[in-house]
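# Summary of the model geometry
Read off the chains here:
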Amino acid sequence: MSSPPRSVADVLDPGLAQGPLAAALRRGRDAWDVELVDEDVVVVPSARPYVLSLLAERASPLLVLTARTSDAESVADGLSAYLGEDRVAVFPAWETLPHERLSPQPRTVGRRLAVLDRLTHPDEHDAPLLAIVAPVRAALQPMSRSLATQRPIVLDADTTGFDALLDGLAALGYSRVPQVETRGEFAVRGGIVDVFPTASDHAVRVEFWGDDIDSLRAFGVADQRSTGPVVRVVIDPAREVVLDEPLRERARDAIARWPELTDELDRLAAGQTFEGCESLVTLLTDDPALLVDFLPERAGVALLDPMLLEDRAAQLREEAEVLADTAWRNAASVGLAPGGGHHGGREKPAPGTGAHARLTTGGGGGGPPRQGGGARPPRGRGPRGGGGGGRPRR
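Residues numbered from 1 in each chain as written. Predicted model: local features only at pLDDT ≥ 70, side-chain atom pairs only at ≥ 80, totals over all residues. Heavy atoms only, no water.

## Remarks on the side chain of Glu-264
Of note, Glu-264 is situated in helix α9 (residues 262–269). Not counting chain neighbours up to four residues away, the residues in contact with Glu-264 comprise Arg-101, Phe-274 and Leu-280. (Helix = DSSP H or I, 4+ residues; strand = E, 2+ residues; numbered from the N terminus. Contact = heavy atoms within 4.5 Å.)

Next up, the structure:
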């Protein structure tokens, strides 16, 4: 909810912020009439959201790096009070390290790729993204640059295409199951498609009449009962994998180099996903990207407690190097040196012309840590499939 103007000055100088406390930023804008420079800004923790909000209005989107995930969530809550909840997003870290043979949770993937979509396609979203808050672990996670091309599925009353929806869900990494129980799953019963979007708080039941959507309703996964209609549904990807032809070709070529991974590479070459496939995809990516690579030129970067960030980044890199040297060697003997491949030791520049600030609670020091760390389902639709006629029942 945006705050109403309290004076003529608020109307003449509204700024970009739309949060309940947005009007409080006007005095700060008036006082901060100098260009930002690359130096430390020392503030008490309670004033961080206010100062960061002023920075976000000058260099948006502003990437705010924190040492821990809990810090990121707390800072995002503070920023939302000034900028607006829909203009601030957390970019979470994987629950796994880059070289672990485990996939991140669908909820995490959905939140991460929703942020990337807002960064790379800002004109297609209602509200501008003014601030991204990320723990340093998320900032050091290597990703495929192709993720910027993987768009979410948007459903509303005007959407058509039953088969297109099924194909799209499979392409985004959703698993087909008999009954939807958790995020990243979908089920088909006649002309009804149940899906639990990865970045959503509730599952959605999509009822088709032919190829047209008849209704969109939220439902509870515990009892499978509808809870009410919804107007629009955004279905973000369930895996950080884009199985395009270049990646499939690289997977086929890699079989000769890593014969111990033949089964996994064959599945990638065939366009199939599996548990832990994300670690192989980043391994096969020629030029992996970090979060800063998706920021526009005008973006800014703020480092909260730079010395703590550097210590945390060094610890994460050590953990990743040990895991890369043991997990892959023991599992498939791929021959990676510790920290080698595409995951370690790569310097990342700050975004082009954006602002850069380091916020500390004391003296602070050090620079930003920027080294890198990682078949369509059968039909069977009942009434719609041509076997029974009539409208699908709710």
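## Considering the nonpolar core
Core analysis: the biggest nonpolar cluster contains 34 residues, and Leu-63, Phe-91, Leu-116, Leu-119, Ile-132 and Leu-291 have the highest contact counts within it. Mapped by element, the contributors of at least two residues to this core are β2 (62–66), α5 (106–120), β4 (131–135), α6 (136–139), β13 (300–304) and α11 (306–332). Element by element, the count of residues in this core is highest for α5, at 5 residues. When residues no more than four places from it in sequence are discounted, the contact partners of Leu-119 are Pro-61, Leu-129, Ile-132, Leu-291, Phe-294, Leu-295 and Pro-296. Counting residues in each nonpolar core, the second largest holds 25 residues, with Trp-32, Leu-54, Leu-55 and Ala-76 among its members. (Core = buried A, V, L, I, M, F, W, Y, C linked by side-chain atoms within 4.5 Å. Buried < 20%, exposed > 50% of the residue type's maximum accessible area, 1.4 Å probe, protein only.)

## Here's the deal with the environment of Thr-160
Along the chain, Thr-160 turns up in the loop between β5 (153–155) and α7 (162–171). In this structure, the C-alpha to C-alpha distance between Thr-160 and Ile-213, residues 53 residues apart in sequence, is 6.3 Å. Non-local contacts of Thr-160, meaning those with residues more than four positions away in its chain, are made with Asp-211 and Asp-212.

## As for helix α4 (residues 69–83)
In this model α4 runs 20 Å from its N-terminal to its C-terminal C-alpha over 15 residues, within 8% of the 21 Å that 1.5 Å per residue would give. In this fold, the buried residues of α4 make contact with α2 (25–31), α3 (48–58), β2, β3 (88–90), β4 and β13. Looking at the residues trailing α4, positive phi occurs at Gly-84, about 110°. (Expected span 1.5 Å × (residues − 1).)

## Brief notes about the packing of aromatic side chains
Applying the stated criterion across every chain yields a total of 2 aromatic pairs. Consider the rings of Tyr-50 and Tyr-82, whose centres lie 5.6 Å apart with planes at 80°: the pair is edge-to-face. Pair noted here: Tyr-50 is in helix α3 and Tyr-82 is in helix α4, with a separation of 32 residues, a long-range link. Given the relative accessible area of 22%, Tyr-50 is considered partly exposed. (Phe/Tyr/Trp six-rings, centres within 6.5 Å; stacked < 30°, edge-to-face > 60°.)

## Examining the environment of Val-242
Residue position: Val-242 is located in the loop between β12 (233–235) and α8 (245–257). Between the C-alpha atom of Val-242 and that of Leu-147, which follows or precedes it by 95 residues, the distance is 6.4 Å. Those residues in contact with Val-242 that lie beyond four places of it in its chain are Ser-146, Leu-147, Gln-150 and Leu-247.

## Re the confidence of the model for the chain
Looking at the chain as a whole, the pLDDT averages 79, with 75% of positions reaching at least 70. This model gives residues 333–354 a pLDDT under 50, and the stretch forms 61 contacts once residues within four places in sequence are excluded. A low-confidence stretch, residues 361–394 stays under pLDDT 50, and its non-local contacts, those more than four residues away or across chains, total 92 contacts. (pLDDT = per-residue confidence, 0-100.)

## With respect to unusual backbone geometry
Of note, the amide linkage connecting Ser-60 to Pro-61 takes the cis form, showing an omega dihedral of -5°. Checked against the element boundaries, Pro-61 lands in the loop between α3 and β2. Its identity is not glycine, yet Gln-224 carries a phi of approximately 65°, on the positive side. The phi dihedral of Asp-305 is positive, around 55°, even though this residue is not glycine. Its place among the elements puts Asp-305 in the loop between β13 and α11.

## Some thoughts on the pairing of β13
Of all 5 residues in β13, 5 are buried, a share of seventy percent or more. Neither face of β13 is open: one carries Gly-300, Ala-302 and Leu-304, the other Val-301 and Leu-303, and all of them are buried.

## Let's talk about a negative patch on the surface
On the surface, Asp-77, Glu-85, Asp-86 and Asp-126 cluster together into a patch of negative charge. By secondary structure assignment, the location of Asp-77 is in helix α4. Judged by its relative accessible area of 57%, Asp-77 is exposed. (Patch = residues over 30% accessible without salt bridge, like charges linked within 9 Å, V, L, I, M, F, W, Y side chains within 5 Å. Areas by Shrake-Rupley, 256 points an atom, 1.4 Å probe, with all protein chains shown as cover. Salt bridge = Lys/Arg side-chain N within 4 Å of Asp/Glu carboxyl O. Lys, Arg positive; Asp, Glu negative; His and termini not counted. Charge placed at Lys NZ, Arg CZ, Asp CG, Glu CD.)

## Describing the packing of α3 against α4
Taken N-terminus to C-terminus, the directions of α3 and α4 make an angle of 60°; their axes are 9 Å apart at the nearest point. Relative to α4, the element α3 lies oblique. In terms of crossing hand, the pair formed by α3 and α4 is right-handed. Only Val-75, Gly-78, Leu-79, Tyr-82 and Leu-83 of α4 make contact with α3, whose side of the interface consists of Pro-49, Tyr-50, Leu-52, Ser-53 and Ala-56. Here the residues of the contact of α3 with α4 sort into 8 nonpolar, 2 polar and no charged. (Axes fitted to C-alpha atoms, helices over the stretch in contact; angles between N-to-C directions. Parallel < 35°, antiparallel > 145°, perpendicular 65-115°, else oblique. Left-handed = near helix turned anticlockwise from the far one by under 90°. Nonpolar A, V, L, I, M, F, W, Y, C, P; charged D, E, K, R; others polar.)

## Some thoughts on the sheet that holds strand β11 (residues 226–229)
Read across the sheet, 6 strands follow the order β6-β7-β8-β9-β10-β11 without closing on themselves; strand pairing throughout is mixed. The sheet is open, and its two borders are formed by β6 (175–176) and β11, each paired with just one other strand. Sheet analysis places strand β10 (residues 212–219) next to β11, joined by 3 bridges and oriented antiparallel. Paired with Ala-218 across the bridge in β11 is Gly-228. Docked against the sheet, α7 engages β7 (185–189), β8 (192–195) and β9 (203–209), running at close to 25° with respect to β8. (Pairing = 2+ DSSP bridges.)

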